[in-house]
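Residues per chain are reported as follows:
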Amino acid sequence: MLPHSTHCFFHWFPFSLPQRHPFCWWVAAVLDHYSRRLTGFALFKEQPSAHDVCNFLDRAIQQNGEKPRYMISDKGGQFWTITGKNLYADWCKDRRITPRFGAVGKHGSISIIERLIGAMKREGSR
């Protein structure tokens, strides 16, 4: 367990790197909120489904050796649904993780992960 960890992970990935054919990738990253430590990372050739995201998060939790109390994300299609079954919400419930969403349109609500993704764009797309 991380010292003084808030047990709060962020993940985010939509359009994380410039989308230029044939090199289009979707990036998934998980950060521990307290330590700012990258705890998981994945690349997808196609936009990932909720099932892909849940599998990725399971691997990140297994590799980290602990699960967070909260999982903070944006309201992308993988995490949010208005109608029908929400695989991501069920995944969180089964693992006793509280899903939280960044505030839409509010600057800084998921700024920690956005800063990482921004650095990846600046440094990795030169």
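None of the values given here were measured: they were computed from a predicted structure.

Basis of the calculations
Residues numbered from 1 in each chain as written. Predicted model: local features only at pLDDT ≥ 70, side-chain atom pairs only at ≥ 80, totals over all residues. Heavy atoms only, no water. Helix = DSSP H or I, 4+ residues; strand = E, 2+ residues; numbered from the N terminus. Contact = heavy atoms within 4.5 Å. Phe/Tyr/Trp six-rings, centres within 6.5 Å; stacked < 30°, edge-to-face > 60°. Lys NZ or Arg CZ within 6 Å of the ring centre and 35° of its normal. Patch = residues over 30% accessible without salt bridge, like charges linked within 9 Å, V, L, I, M, F, W, Y side chains within 5 Å. Areas by Shrake-Rupley, 256 points an atom, 1.4 Å probe, with all protein chains shown as cover. Salt bridge = Lys/Arg side-chain N within 4 Å of Asp/Glu carboxyl O. Buried < 20%, exposed > 50% of the residue type's maximum accessible area, 1.4 Å probe, protein only. Expected span 1.5 Å × (residues − 1). Arc of directions from axis to C-beta. Disulfide = S-S within 2.5 Å.

A. Main features of the environment of lysine 45. Following the sequence through the fold, lysine 45 ends up in the loop between strand 3 (38–44) and helix 1 (50–64). Excluding its chain neighbours within four sequence positions, the residues that come into contact with lysine 45 are Cys24, Trp25 and Trp26.

B. The arrangement of the packing of aromatic side chains in detail. Scanning the entire structure with this criterion turns up 2 aromatic pairs. Through a chain of ring-to-ring contacts, three or more aromatic side chains come together here, namely Phe79, Tyr88 and Trp91. Cation over ring: arginine 100 sits above tyrosine 70, and NZ or CZ is 3.7 Å from the ring centre.

C. Representation of a nonpolar patch on the surface. A cluster of nonpolar residues, Leu38, Phe41 and Leu43, forms a patch on the protein surface that exposes about 280 Å² of accessible area. Tracing the chain through its elements places leucine 43 in strand 3. What makes leucine 43 partly exposed here is its relative accessible area of 47%.

D. The arrangement of helix 1 in detail. Taking 1.5 Å of rise per residue, the 15 residues of helix 1 would be expected to cover 21 Å, and the 21 Å separating its terminal C-alpha atoms lies within 8% of that figure. Residues of helix 1 that are buried: Ala50, Val53, Cys54, Phe56, Leu57, Ala60, Ile61 and Asn64. One side of helix 1 carries all its buried residues, which in axial view fall inside an arc of 160°. Residues of helix 1 that are exposed and point more than 90 degrees away from the buried face comprise Gln62 and Gln63.

E. Spotlight on the state of the cysteines. As enumerated under the stated definition, the model contains 0 disulfides in all. Cysteine 92 supplies the cysteine sulfur nearest to cysteine 54, a cysteine that is in no disulfide, at a spacing of 7.1 Å. Given the relative accessible area of 0%, cysteine 92 is considered buried.

F. Focus on unusual backbone geometry. Phi is positive for arginine 36, which is not a glycine, with a value near 65°. Assignment of secondary structure puts arginine 36 in the loop between strand 2 (26–32) and strand 3. Phi angles above zero are rare outside glycine, and arginine 96 is one such case at about 55°. Along the chain, the position of arginine 96 falls in the loop between helix 2 (87–94) and strand 5 (98–101).

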